[in-house]
Amino acid sequence: MKLSSKYFSYCAILLLFTLHGFGQNKSVVNADKKFDDYSFIDAIDTYEKVADKGYKDEKMFQKLGDSYYFIADLVKAEKWYTELFSMNEVQETEYYYRYSQSLKAIGNYTKADKMLEKFIAKSANDERGKLFANQRNYLEDIKTNSGRYEIADAGVNSEYSDYGSSFYDKNLIFTSARDIGGVSKNVFMWNNESFTNLYLSEIKSDTDMGKPELFSSSINTKFHESTPVFTKDGNTMYFTRNNYLDGKKQKDSRKVTLLKLYKATKVDEKWVNVQELPFNSNEYSVAHPTLSLDEKTLYFASDMPGTNGLSDLFTVTINADGTFGKPQNLGFPINTEARETFPFISQENKLYFASDGHPGLGGLDIFVVNLAVNNGTKTIKNIGAPINSSKDDFSFLIDSKNHKGFFTSNRDGGKGSDDIYKFTELPKPICVQILKGVITDQDSGAVLSNSKVSLFDEKFNLIKEITTNADGSYAFDVVCEKMYYVRVQNQDYETKEGPLTIAETSGETRHPVSLQKIKKPILVGTDLAKMLNIPRLYFDVNKSVIRKDAAFELEKILIVLKEYPTMKIDIRSHTDSRQTDKYNESLSDRRAQATKAWLIANGITTDRLTAKGYGESRLINKCGDNVPCTEEEHQANRRSEFIVTSI
């Protein structure tokens, strides 16, 4: 069996949930064999004939529901899952999730959410359940994100499956199972359609597309090809194909021909040098590539070892010499126990992908996450209707310059089993945000007037400072979706600061701050680093230049030194035991002197400061030379101290 590039991730479901033999009905046994061979159309035909005669069996209804579920006909899957749950409401955990997805396909969200509640109860650690539990108002959130696109038929569809588009110069390259003619044709027994090839259609205007034609005879074979991505110069392409190269096909241990990623280069206007990528395997599928903006990272979908769900999104580094690094799973919150697939990265560095694991409208929905926001959190947003529907919606791509693009869906009203739609992104509503809050005493709750509130951008550049009035409040005009740092200072209170990301829609982002009084007096011997929670200053590897984030921490020391104009301190820099004694001592001394120089440059006189690097001579734990330690234990030794020597 050759696996479809759209449906490859269902293979994992089949391995987990294929159920063998029930009863002695010969027709059912025959249907089971077809089901186990992934011949779902043939299996459905036999199962339904048996069911129409009044035969009822849980396992048959499971397989009928699964057969339709695996070919993405969720409306018909719902019919048979309803029969299944009518016979027995206690089912394997995954069936609650599948039934919920199928119920969404017919618009029954109330019952779908009830099934999700039961799914959560039976699988407390499943990330899909956690996502739903944290977003029970997901339909309202999706509604808020909806209405931002105008869609229409792309004008390239056939009566068969058409999907998986990519931009190539002024053309749309897409995947199609259309009949290309000839005496015989290869048929994919999963859905009784021809195997897919790549086609090209010129994008002539907003309303006109060129007649589709086969893309390249050197790329298209008698098996599946799909989902290409091209480098910006147009001379290299990565694409998906069945495990087939140089006229030979390979199968896994289950006799299944899976999917692999291939690379080809263009020479004299011909695509040549087709070669598979080194992290492919005969035992798992790798598919649907897309490139990072700098073209140094390849994103793709796979069910390789280390996959959390049925298929996950991975990245792999493309080295300067053309070799590849080790694939890395993007992890949660992007990946779930369900399907994450069809990644695409826009010119705005936003990752779009399809998933049926995140709360959505049904089937695969398209989601987006901004890769440009790098603050340790990832906000994943359902892009809403009309692009998303109760059916499968996937393979999204957009030209961010003209706000036009394409996506694929198997929604009602199309020409084939999957159809390509074009869209125009409507102008975004003007987003106006105000960051505001009240400064209070942590213990008493009293508002604190005369507090200095400083707003910094994500690179620690100061944007604005204000002083709170009698009601302790502050307010800043800020940019939607952007990350900031807020620092609050008040005499006799510990300075407090931290990052926050502004909301995506117009309104107010509230950030109240409570301050702790300085309870411990500053005495000779006090380490200001401990008092102000500065565990260490960050420097680039093997460097002693003060970075912006280090300067951000040093400003806390600067504030104290200015508040106590007679205070003197000794700056001490320490390293861990890695590298040699001499190297560590020299590096730490350079860093201590750089710290001293920064304070002098910011107004502290030389006579108030001494500085020395101690290298690894004053370790605070066992982690000496050649002693096995964790990174956290080594980090404890890489510390900065600011010891008060005189007040």
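Quick caveat: nothing in here was measured; it's all calculated off a predicted structure.

Cut-offs applied
Residues numbered from 1 in each chain as written. Predicted model: local features only at pLDDT ≥ 70, side-chain atom pairs only at ≥ 80, totals over all residues. Heavy atoms only, no water. Helix = DSSP H or I, 4+ residues; strand = E, 2+ residues; numbered from the N terminus. Contact = heavy atoms within 4.5 Å. Areas by Shrake-Rupley, 256 points an atom, 1.4 Å probe, with all protein chains shown as cover. Pairing = 2+ DSSP bridges. Axes fitted to C-alpha atoms, helices over the stretch in contact; angles between N-to-C directions. Buried < 20%, exposed > 50% of the residue type's maximum accessible area, 1.4 Å probe, protein only. Salt bridge = Lys/Arg side-chain N within 4 Å of Asp/Glu carboxyl O. Disulfide = S-S within 2.5 Å. Core = buried A, V, L, I, M, F, W, Y, C linked by side-chain atoms within 4.5 Å. Phe/Tyr/Trp six-rings, centres within 6.5 Å; stacked < 30°, edge-to-face > 60°. 1 Å grid on protein atoms, 1.4 Å probe; cavity = no way out; pocket = protein on both sides within 12 Å on 5 of 7 lines; lining within 4 Å. Points joined across faces, edges and corners; volume = space filled by probe spheres on them. Nonpolar A, V, L, I, M, F, W, Y, C, P; charged D, E, K, R; others polar. Parallel < 35°, antiparallel > 145°, perpendicular 65-115°, else oblique. Left-handed = near helix turned anticlockwise from the far one by under 90°. Patch = residues over 30% accessible without salt bridge, like charges linked within 9 Å, V, L, I, M, F, W, Y side chains within 5 Å.

A short note on the overall build of the protein chain
- The number of helices and strands found in the protein chain is 13 helices and 35 strands.
- For the protein chain, the share of sequence-separated contacts (at least 6 apart) that also reach a separation of at least 24 residues comes to 57%.
- As presented, the protein chain carries roughly 29400 Å² of accessible surface, and 48% of it is formed by carbon and sulfur atoms.

Some words on the sheet that holds strand S33 (residues 568–574)
- With mixed pairing, 3 strands are arranged side by side in an open sheet as S34-S33-S35. Only two strands of the sheet have a single partner each, and these edge strands are strand S34 (609–615) and strand S35 (640–646). Within the sheet, the average angular offset between the axes of one strand and its neighbour, ignoring direction, is 20°.
- The sheet contact formed by S33 and S34 spans 6 bridges and is parallel. Its bridge partner being in S34, Arg572 is matched across the sheet by Lys612.

Comments concerning the pairing of strand S15 (residues 297–302)
- Of all 6 residues in S15, 5 are buried; the element is thus mostly enclosed.
- Two successive antiparallel strands, strand S14 (residues 286–291) and S15, enclose a turn made up of 5 residues, where Glu295 displays a positive phi of approximately 60°.
- Two strands pair when backbone bridges link them, and S15 and strand S16 (residues 312–317) are joined in this way by 6 bridges, in the antiparallel orientation. Counterpart to Phe300 in the pairing with S16 is Phe314.

Here's the deal with the environment of Val75
- The topology assignment puts Val75 in helix H5 (residues 74–87).
- Accessibility expressed as a relative area gives 33% for Val75, which makes it partly exposed.
- With near-sequence residues (within four places) excluded, Val75 lies in contact with Ala105, Ile106 and Lys391.

A short note on the pattern of salt bridges
- In total, this model carries 22 salt bridges according to the counting rule given.
- Across the salt bridge formed by Glu94 and Arg128, the nearest N and O atoms sit 2.9 Å from each other. Of this pair, Glu94 sits in helix H6 (residues 93–105) while Arg128 sits in helix H8 (residues 127–134), placing them 34 residues apart in sequence. Of the two residues, Glu94 and Arg128, neither departs from the other in class, the shared state being buried.

Some remarks on the state of the cysteines
- Evaluated as defined, the whole model comprises 2 disulfides.
- Here Cys431 connects covalently by a disulfide to Cys480, the sulfurs 1.7 Å from one another. Because the sign of the S-S torsion sets the handedness, a value of about -90° for the bond joining Cys431 and Cys480 places this disulfide among the left-handed ones. You can see Cys431 sitting in the loop between strand S24 (419–425) and strand S25 (433–441) and its partner Cys480 sitting in the loop between strand S28 (473–478) and strand S29 (483–489), a full 49 residues away along the chain.
- Residue Cys623 pairs covalently with Cys629 via a disulfide, S to S 2.1 Å. Handedness of the Cys623-Cys629 disulfide follows from its S-S torsion of about -105°: it is left-handed.
- Sequential numbering of the bridged cysteines in the protein chain gives the disulfide pattern 1-2, 3-4.

Considerations on the nonpolar core
- The biggest cluster of nonpolar side chains holds 33 residues, and the ones touching the most others in it are Leu64, Tyr68, Tyr81 and Phe85.
- Of all the secondary structure elements, the ones that give two or more residues to this core are helix H3 (40–52), helix H4 (58–70), H5, H6, helix H7 (109–122) and helix H9 (138–145).
- Apart from the residues within four sequence positions on either side, Tyr81 is in contact with Gln62, Gly65, Asp66, Tyr69, Tyr95, Arg98, Tyr99 and Ser102.
- Counting residues in hydrophobic clusters, the runner-up holds 22 residues, among them Val560, Leu561, Ile569 and Ile604.

Considering the sheet that holds strand S3 (residues 171–176)
- As summarised here, the arrangement of the 4 strands in space is S2-S3-S6-S7, forming an open sheet in which the pairing is antiparallel. The sheet terminates laterally at strand S2 (162–168) and strand S7 (213–214), the two strands that pair on one side only.
- Taken together, the 6 bridges between S3 and strand S6 (residues 197–202) define a ladder with antiparallel strand orientation. For Asn171, the partnering residue across the bridge sits in S6 and is Glu202.

Focus on the packing of aromatic side chains
- Counted under the stated rule, the structure contains 36 aromatic pairs.
- Centre to centre, the rings of Phe215 and Phe230 are 6.0 Å apart; their planes meet at 75°, and the pair counts as edge-to-face. Of this pair, Phe215 sits in the loop between S7 and strand S8 (225–230) while Phe230 is found in strand S8, placing the two residues 15 residues apart along the sequence.
- Under the relative-accessibility criterion, Phe215 is labelled buried at 13%.
- Owing to a relative accessible area of 10%, Phe230 belongs among the buried residues under this scheme.

What to know about the layout of surface pockets
- Roughly 1100 Å³ of internal volume is contained in the second largest pocket.
- Mapped onto the lining of the second largest pocket, the elements with two or more residues apiece are H9, strand S19 (350–355), strand S20 (365–370) and strand S21 (380–382).
- Broken down by element, the lining of the second largest pocket gets its largest block of residues, 5 residues, from H9.
- When its residues are assigned to classes, the lining of the second largest pocket shows 22 nonpolar, 15 polar and 10 charged.

Structural notes on the packing of H4 against H6
- For the pair H4 and H6, interaxial distance at closest approach is 11 Å and the crossing angle is 55°. Considering their axes alone, H4 and H6 lie oblique with respect to each other. Like other packed secondary-structure pairs, H4 and H6 cross with a definite hand, here left-handed. Together, Gln62, Asp66, Tyr69 and Phe70 of H4 and Tyr95, Arg98, Gln101 and Ser102 of H6 make up the contact between the two elements.

Structural notes on a nonpolar patch on the surface
- A surface patch of nonpolar side chains, about 270 Å² in accessible area, is lined by Val524, Tyr564 and Ile647.
- For Tyr564, the position within the fold is in the loop between helix H11 (548–563) and S33.
- Judged by its relative accessible area of 33%, Tyr564 falls in the partly exposed class.

Describing the environment of Ile569
- Relative to the assigned elements, Ile569 resides in strand S33.
- In this structure, Ile569 is in contact with Leu528, Ile557, Leu561, Leu599, Arg608, Leu609, Thr610, Phe642, Ile643, Val644 and Thr645, ignoring residues within four places of it in sequence.

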